[in-house]
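Coordinate analysis (summary)
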Amino acid sequence: MKKFEIIKRGNYMFIQSVSYNNPINNLNQVAKELRKYKYEGNVIFDLLLSTGNTSNRFLVSRFLNRNFETKSFKKTQISPKIKNEITIYYKDNIEFLKNSILPKSTIQKIVDENQLD
């Protein structure tokens, strides 16, 4: 089973959780996949399924010279437009939501198309 998906949104690559497994724990695999895209720049990790809708949900890091700059990881905010795209993504992939730490009420909020704040 895959542990994450890589999706280009705007100028960034997003690493989307597909289960309760935190993709940060698979940085070598994430880096390997990003190398296939020949991508360099900021990478945003959406950890909704492993940490919940908390202030630590979104992390950003620099990916340069085929590797992550590990000291560059920090919390970040994203635009409402991108949050809406992510909500639609998870609504279209309900099986990911069901294999997460999220309470049923949060999953229902996503399914009902309400954007998470």
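Treat the numbers as computed from the prediction; the structure is a model and nothing was measured. (Residues numbered from 1 in each chain as written. Predicted model: local features only at pLDDT ≥ 70, side-chain atom pairs only at ≥ 80, totals over all residues. Heavy atoms only, no water.)

1. Quick notes on the pairing of strand 4 (residues 58-64)
Among the 7 residues that make up strand 4, 5 are buried, leaving the element largely enclosed by the rest of the structure. Pairing geometry for strand 3 (residues 41-46) and strand 4, over 6 bridges, is antiparallel. Residue pairing across strands places Val 43 opposite Ser 61, the latter belonging to strand 4. When strand 4 meets strand 6 (residues 74-75), the two strands line up antiparallel, connected through 2 bridges. In the strand pairing of strand 6, Val 60 is matched with Lys 74. (Buried < 20%, exposed > 50% of the residue type's maximum accessible area, 1.4 Å probe, protein only. Helix = DSSP H or I, 4+ residues; strand = E, 2+ residues; numbered from the N terminus. Pairing = 2+ DSSP bridges.)

2. Let's talk about the nonpolar core
Judged by nonpolar contacts, the single largest core of 18 residues is most densely connected at Leu 49, Ile 78, Ile 86, Tyr 90, Leu 97 and Leu 102. Counting only elements with at least two residues in this core, the list comes to helix 2 (48-51), strand 4, helix 3 (80-92), helix 4 (94-98) and helix 5 (104-111). Sort the elements by how many residues they give to this core and helix 3 lands first, with 4 residues. In contact with Leu 49, not counting residues within four places along its chain, are Ser 17, Val 18, Ser 19, Tyr 20, Tyr 90, Phe 96, Leu 97, Ser 100, Ile 101 and Leu 102. Counting residues in each nonpolar core, the second largest holds 15 residues, with Tyr 39, Leu 47, Leu 59 and Phe 63 among its members. (Core = buried A, V, L, I, M, F, W, Y, C linked by side-chain atoms within 4.5 Å. Contact = heavy atoms within 4.5 Å.)

3. Description of the pattern of salt bridges
One pass over the structure, following the stated rule, counts 5 salt bridges. The salt bridge involving Lys 2 is made with Glu 5; its shortest N-O contact spans 2.2 Å. When its relative accessible area of 42% is taken as the criterion, Lys 2 is described as partly exposed. Among the salt bridges present, the one from Glu 33 reaches Lys 36, with a minimum N-O distance of 3.3 Å. With a gap of 3 residues between them, Glu 33 and Lys 36 both fall in helix 1 (residues 27-37), about one helical turn apart. Of the residues examined, Lys 36 reaches a relative accessible area of 58% and is grouped as exposed. Ionic contacts of the salt-bridge type, sharing partners, join the residues Arg 9, Lys 81 and Glu 85 into one network. (Salt bridge = Lys/Arg side-chain N within 4 Å of Asp/Glu carboxyl O.)

4. So, helix 3
Taking 1.5 Å of rise per residue, 13 residues should cover 18 Å, and helix 3 covers 18 Å from first to last C-alpha, within 8% of that figure. Among all positions in helix 3, only Ile 82, Lys 83, Ile 86, Thr 87, Tyr 89 and Tyr 90 are buried. The buried residues of helix 3 occupy an angular sector of 160° when the element is viewed end-on, so they sit on one face. Within helix 3, the exposed residues directed more than 90 degrees away from the buried face are Pro 80, Lys 81 and Asp 92. (Expected span 1.5 Å × (residues − 1). Arc of directions from axis to C-beta.)

In short, the description is geometric, and any link to function would need to be established separately.
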